[in-house]
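Read off the chains here:
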Amino acid sequence: MKILLISSLLLLSNLAHAHAEGGLAGGFGSGLLHPVLGLDHVVAMLAVGLWGAFLGNPAIWLLPVVFPLVMTFGGVLGILGFPIPAVEAGIALSAIVLGLMVALAVRPAMPVAAIIVAMFAIFHGYAHGTELPASASPLAFSLGFVISTGLLHLVGIAFGLLARWPVGRGLVRAGGGVIALVGVGYLSGLL
Amino acid sequence: MWRLAVLLLALPATAWAHSPIEGLGDFFNGMLHPVFVPAHLLLVFALGLLIGQQGVFANLTAIWSYLLGVLIGAALAGAGFTLTDASIQELAVLLVAMGVALLVVLAAPLSRPALVLLGLAAGLLLGLDSVQAELEGTARHVALFGSAVALYLLLLYPMATAERFSVHPWLRVGVRIIGSWIAASALLVLALLLAPAA
């Protein structure tokens, strides 16, 4: 009898977990996690938000609006199989350059800042775009990773808003330095 | 003890994957249809944001034209009319979603007739694409009516949000950011659908 009861309890396993990566929810979840699982992606996105907040208006809102659209262009290149060399190096370089911009408090003209960010957005979009065809639900996956990227920008912006105060300004610049170091770690293969 | 064992065996854990659709009935099944078709959700959300951004009370006719479009589209779909095959219809939905989302990003004032036409076209497209091929007869019509109701209700949430958010510059930027997310997602999937097979 006990054996029968134990066998029955074993059958109560949550079999639905086997489908966690499939369907709409799985596609959205995978997309949402994709930018978060790579530290190089994470720090570069945080740097975009930090720099936007550091530069103030209109960069603080223009960069998070423009970035997903330009990133999409990179994603389209990835989907179409257009060869872009050294994508991972480009992503690491984005963390270095954007981190240094924040650390050194560089304040270029808005179009220059937008071009720098857009250039790196293509590398990030390309990396996501190559994953898209393999996804169970490409639309849910793309929505997930675009939202995740945007939320990382918002985290960067929230941290960057500390730059309004002298102490916070130092913290934000130090944050930029850490981001650049992470980028160096990825570029050199240490991370 | 035997009864307990039999009861434990009968617990339908594996059935969860499909039960929300199977046991719902045609009307609620139809209501869930736009929720399970991401392309529809994107278009409805983008249109809702656009109408809210442009001002709900100044554009009530756009809401009515959207509802009219949905009902006409659903009626045509129920009668067996289709514009083209399902994949092209999905492509059209995504294309319109991307266009509407880009209008949200630009946040430029639109004329009332333009918004009315946009609402009508979006509604028509969504209604036509709401048919569930596996349903026939009355079940198909009931499901389509459920989809039409859901498509209307789903428009109200983003619309009300965008209208509420119009009071503060930061919140207006938030609406534009969501618009850019929708446009980006729609463009990526359009590229995937149009890309030549490897």
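These numbers come from a predicted model, not from an experiment.

A. How the structure looks around the overall build of chain B. Regarding its fold elements, chain B presents nine helices and zero strands. By the burial criterion, 46% of the 198 residues in chain B qualify as buried. A sequence separation of at least 24 residues applies to 87% of the contacts in chain B between residues at least 6 apart.

B. Looking closely at the nonpolar core. All names here are of chain B. Judged by nonpolar contacts, the single largest core of 118 residues is most densely connected at Leu43, Ala46, Ala97 and Val100. Among the elements that line this core, the one with the most residues is helix 9 (residues 169–194), at 14 residues. Other than its neighbours up to four places away in sequence, Ala46 contacts Ala97, Val100, Ala101, Val104, Gly179 and Ile182.

C. Representation of the packing of helix 4 (residues 38–54) of chain B against helix 6 (residues 86–106) of chain B in the model. All names here are of chain B. The contact between helix 4 and helix 6 brings their axes to 8 Å, and the two run at 30 degrees. In terms of orientation, helix 4 and helix 6 fall into the roughly parallel class. Crossing of helix 4 over helix 6 shows left-handed handedness. When helix 4 is examined against helix 6, the residues Ala39, His40, Leu42, Leu43, Ala46, Leu47, Leu49, Leu50 and Gln53 are found in contact with a partner set consisting of Glu90, Val93, Leu94, Val96, Ala97, Val100, Ala101, Leu103 and Val104.

D. Geometry of the environment of Val182 of chain A. Residue and element names in this part refer to chain A. On the secondary structure map, Val182 appears in helix 8 (residues 166–188). Residue classification places Val182 among the buried positions, given that 23 C-beta atoms sit within 10 Å. For the pair Val182 and Asp40, spaced 142 residues apart in sequence, the C-alpha separation works out to 7.2 Å. Discounting chain neighbours no more than four positions away, the residues touching Val182 are Leu39, Val43, Ala95 and Leu191.

E. Helix 5 (residues 87–103) of chain A, seen in detail. Residue and element names in this part refer to chain A. Look at helix 5: 24 Å from first C-alpha to last across 17 residues, which is about the 24 Å you get at 1.5 Å a residue. The buried fraction of helix 5 amounts to 13 of the 17 residues, a majority that puts the element mostly inside the structure. Ala105 sits one or two positions beyond helix 5 and adopts a positive phi of about 55 degrees.

F. Representation of helix 7 (residues 138–160) of chain A. Compared with the 33 Å implied by 1.5 Å per residue over 23 residues, the 33 Å span of helix 7 of chain A between its first and last C-alpha is a close match. Most of helix 7 of chain A is tucked away, with 18 of its 23 residues classed as buried.

Reading the values: rules and limits
Residues numbered from 1 in each chain as written. Chains lettered and ligands numbered in written order. Predicted model: local features only at pLDDT ≥ 70, side-chain atom pairs only at ≥ 80, totals over all residues. Helix = DSSP H or I, 4+ residues; strand = E, 2+ residues; numbered from the N terminus. Buried ≥ 20, exposed ≤ 12 C-beta atoms within 10 Å, placed from the backbone. Contact = placed C-beta atoms within 7 Å. Core = buried A, V, L, I, M, F, W, Y, C linked by C-beta atoms within 7 Å. Axes fitted to C-alpha atoms, helices over the stretch in contact; angles between N-to-C directions. Parallel < 35°, antiparallel > 145°, perpendicular 65-115°, else oblique. Left-handed = near helix turned anticlockwise from the far one by under 90°. Expected span 1.5 Å × (residues − 1).

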